[in-house]
There are 2 protein chains.
Amino acid sequence: MQNRTGVPAYAKRTTLAAAAALALAFAGAPAIAADTATSHQTASQAGGQTAITAATRFVEANGIRYAYRRFGKPGKLPLVFNQHFTGNLDNWDPAVLDGLAKDREVIIFDNAGVGASTGDVPTTFAGMATNAEAFIDALGLKKVDLLGFSIGGMIAQQITLDRPELINKLILVGTAPRNMDAGGGQGHLTPETAAIFTAKYDPPENLWLKVFFTDSESSQAAGRAFLKRYFSRTKDRDQAVSDKVAPAQMAAVGEWGDHPGERFAYLKDIKQPTLVVSGTHDTIVYTVNSLYLVQNLPNAKLVLYPDASHGAWYQYSSDFIAQVNSFLK
Amino acid sequence: MQNRTGVPAYAKRTTLAAAAALALAFAGAPAIAADTATSHQTASQAGGQTAITAATRFVEANGIRYAYRRFGKPGKLPLVFNQHFTGNLDNWDPAVLDGLAKDREVIIFDNAGVGASTGDVPTTFAGMATNAEAFIDALGLKKVDLLGFSIGGMIAQQITLDRPELINKLILVGTAPRNMDAGGGQGHLTPETAAIFTAKYDPPENLWLKVFFTDSESSQAAGRAFLKRYFSRTKDRDQAVSDKVAPAQMAAVGEWGDHPGERFAYLKDIKQPTLVVSGTHDTIVYTVNSLYLVQNLPNAKLVLYPDASHGAWYQYSSDFIAQVNSFLK
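Quick summary incoming for the structure in this document. (Residues numbered from 1 in each chain as written. Chains lettered and ligands numbered in written order. Predicted model: local features only at pLDDT ≥ 70, side-chain atom pairs only at ≥ 80, totals over all residues. Heavy atoms only, no water.)

### Structural notes on the relation of the copies chain B and chain A
Both copies of the chain are related by one operation, a rotation about an axis with a shift along it.
Argument step 1. Its rotation angle being 180°, the transformation that places chain B on chain A also includes 0.0 Å of axial translation and leaves an RMSD of 0.0 Å. Expressed as a symmetry operation, the mapping of one chain copy onto the other fits a two-fold axis. Within chain B, Val303(B) has its C-alpha nearest the rotation axis, a separation of 2.3 Å. (Least-squares fit on C-alpha atoms with pLDDT ≥ 70 in both.)

As structure tokens, then:
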């Protein structure tokens, strides 16, 4: 399948970045909480918070000030989330965060150069992984469970390869290994990704109905419910991502897809128990990549949800939470 | 990959059948219980039974006498099991049957010509489906949940197509759609299947360690635990399958694989919610076929277990039972 416009998506970085920035314009005002607690002890003592109420906090490492939120039930290992393309702190589904926070602390953060975090977005996932590791270290954490969604799953793979002692278990959602199958799309973006991100939406947030959900009535209904949850945080929303984010993240996708050497061989070095999740019809990161992951990772379980695309875990949040609770216990 | 011997597996039917018969010789003495209750009311009142103690019963339909066992907690729809290649009543994992029977009745049966059931084994899954439907009808059941394992999953697909009003939900384990991917193996059997079933094992039941489990230490340990469970029924074991079973079932696999027309198009007519389960490394029915199923069935969820082959659901029986309980609730 080709990009609808016939123009290679990768050659249209500016347009894509503009579309992404437009789509994210509704992320709300960049009001940041004054609370800049940097120790995890302080953060973890703030009980009773939710995805809607948890304050945005900050921690510094290597000259970068990282924005993050941390909430949930202390005791077990915290679960650290790595965000998708052009996503910031507000792009996670509150239903998933709050569901998982009942049994553990969840930590979401803006990687360097994203949202309210300072610094530049590297043009490789290796660079983004290094920054994520600095963030986790700055919280004083010695062992965490790690989740990555979409390009966040690529960063999560790299973090686990870099710092195996830091990662207990790994959850990869809607993501792909290096040298993935993107249907021959330019820059290793699927043709559907290019088409979806360059189209116009009214209202603009309807972009996410196309990115995360299938065209079926029931999936679109799940999408509208997701958008309601998405907008339910009205105070202390994150800063919109700058127009530098999308081009750098797309360059990283290109580098990830171009990886030379034996295909998927590097996955044997990720020995952590891994849960891989996607939809049966993910058009943003093709579902077959989830099969490649579990067939090449030494210890990986796969769950694919029906009639679901890139946002499968948002469409089936209750089941996803149960799967994760079973996997992490 | 080619058959180790270089001889097409399909041309070696006699050898394969002999190997299968040999492997199944340990199924034990053909002692059949005198209890020949034919009504499901009678059977379902027999509480407290297990996979080890449930009596073998009989019911007649269309001139065939079907051997079956039925036990578990009455109330919900019963779950009817369709067995794998050359398997009889004793080839199910007691851990799975008893785990599922805590929440519903389970019904296992020998299809026509298999084990203690009379009649001939048809050479197509369509024929086997017709016989299975006659069995379910003979029990007076108007609606059931249906499970099929391996070739039993092919029969289960056909039953659901034939009689959609009879089937509530469908569970397909280690199976494949028509026109499946068998790695170019003769007769649509994978090269590994041919090699595994024609090899010699000492003791013979170690065949199942190769069929159902990977070569890893932990998977083989799970296999040995499975064999212990497998042998734990010592009284009223089923009759060994005759040497007519394997050739007919292999012919049916060939016909299933040869299906003409648009690949996988027929799956859109199976509208029941479906749970598809396999291992990440199923060498008997390649794992990719599970992806084909969930990508072409309208409403299908996939679970793949790590470091697992054709017997993934036996290796992860507790997780499988939880998945099924969640799916059928």
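Once you've had a look at it, read on.
### With respect to the interface of chain B and chain A
Many structure descriptions define interface size as the accessible area lost when the parts assemble.
Argument step 1. The interface is formed by 20 residues belonging to chain B together with 20 residues belonging to chain A.
Argument step 2. For the pair chain B and chain A, the summed buried area comes to about 1,500 Å², and 53% of that belongs to carbon and sulfur atoms.
Argument step 3. Connecting chain B to chain A are two salt bridges.
Argument step 4. Between Asp319(B) and Lys301(A) there is a salt bridge, with its nearest N and O atoms 2.6 Å apart. (Contact = heavy atoms within 4.5 Å. Buried area = accessible area lost by both parts, 1.4 Å probe. Salt bridge = Lys/Arg side-chain N within 4 Å of Asp/Glu carboxyl O.)

### Quick notes on the pairing of strand 3 (residues 79–82) of chain B
Residue and element names in this part refer to chain B.
Argument step 1. In strand 3, alternate side chains face the same way, and those of Leu-79 and Phe-81 on one face and Val-80 and Asn-82 on the other are all buried.
Argument step 2. Pairing analysis gives three bridges linking strand 3 to strand 4 (residues 105–109), with the strands arranged parallel. Bridged to Val-80 within strand 4 is Ile-107.
Argument step 3. Taken together, strand 3, helix 3 (residues 94–101) and strand 4 constitute a β-α-β crossover, and its handedness is right-handed.
Argument step 4. One ladder, built from four bridges, connects strand 3 with strand 5 (residues 144–149); its direction is parallel. Bridging across to strand 5, Leu-79 finds its partner in Asp-145. (Buried < 20%, exposed > 50% of the residue type's maximum accessible area, 1.4 Å probe, protein only. Helix = DSSP H or I, 4+ residues; strand = E, 2+ residues; numbered from the N terminus. Pairing = 2+ DSSP bridges. Right-handed = clockwise from strand over helix to strand, strands pointing away.)

### Regarding the nonpolar core
Across soluble globular proteins, you tend to see nonpolar side chains buried next to one another.
Argument step 1. Membership of the largest hydrophobic core comes to 211 residues, with the highest contact counts inside it found for Phe320(A) and Phe320(B).
Argument step 2. Dropping the residues within four chain positions of it, Phe320(B) is found in contact with Val96(B), Leu100(B), Leu147(B), Ile171(B), Val173(B), Val277(B), Tyr305(B) and Trp313(B). (Core = buried A, V, L, I, M, F, W, Y, C linked by side-chain atoms within 4.5 Å.)

### Section: the side chain of Asp282(A)
All names here are of chain A.
Argument step 1. With respect to the helices and strands, the residue Asp-282 is situated in the loop between strand 7 (274–279) and helix 10 (288–296).
Argument step 2. One buried charged side chain, Asp-282, makes no salt bridge at all; its nearest oppositely charged neighbour is Lys-210, positioned 12 Å away.
Argument step 3. Polar contacts involving the side chain of Asp-282 include one to the main-chain amide nitrogen of Ile-284, which spans 2.9 Å.
Argument step 4. Among the polar contacts listed, one links the side chain of Asp-282 to the backbone nitrogen of Val-285, at a separation of 3.0 Å. (Lys, Arg positive; Asp, Glu negative; His and termini not counted. Polar contact = N/O pair within 3.5 Å; in protein donor to acceptor, adjacent residues only side chain to side chain.)

### Some words on the side chain of Asp110(B)
All names here are of chain B.
Argument step 1. Counting through the fold element by element, Asp-110 comes out in the loop between strand 4 and helix 4 (125–138).
Argument step 2. Buried charge Asp-110 goes without a salt bridge, the closest partner of opposite sign being Arg-69 at 7.1 Å.
Argument step 3. Polar side-chain contacts of Asp-110 include one of 3.2 Å to the backbone nitrogen of Leu-89.
Argument step 4. What Asp-110 contacts, discounting residues up to four positions off in sequence, is Tyr-66, Ala-67, Asn-88, Leu-89, Gly-115, Ala-116, Ser-117 and Asp-238.

### What about helix 6 (residues 191–198) of chain A?
Argument step 1. The buried fraction of helix 6 of chain A amounts to seven of the eight residues, a majority that puts the element mostly inside the structure.
Argument step 2. Looking only at helix 6 of chain A, the buried set comprises Pro191(A), Glu192(A), Thr193(A), Ala194(A), Ala195(A), Ile196(A) and Phe197(A).

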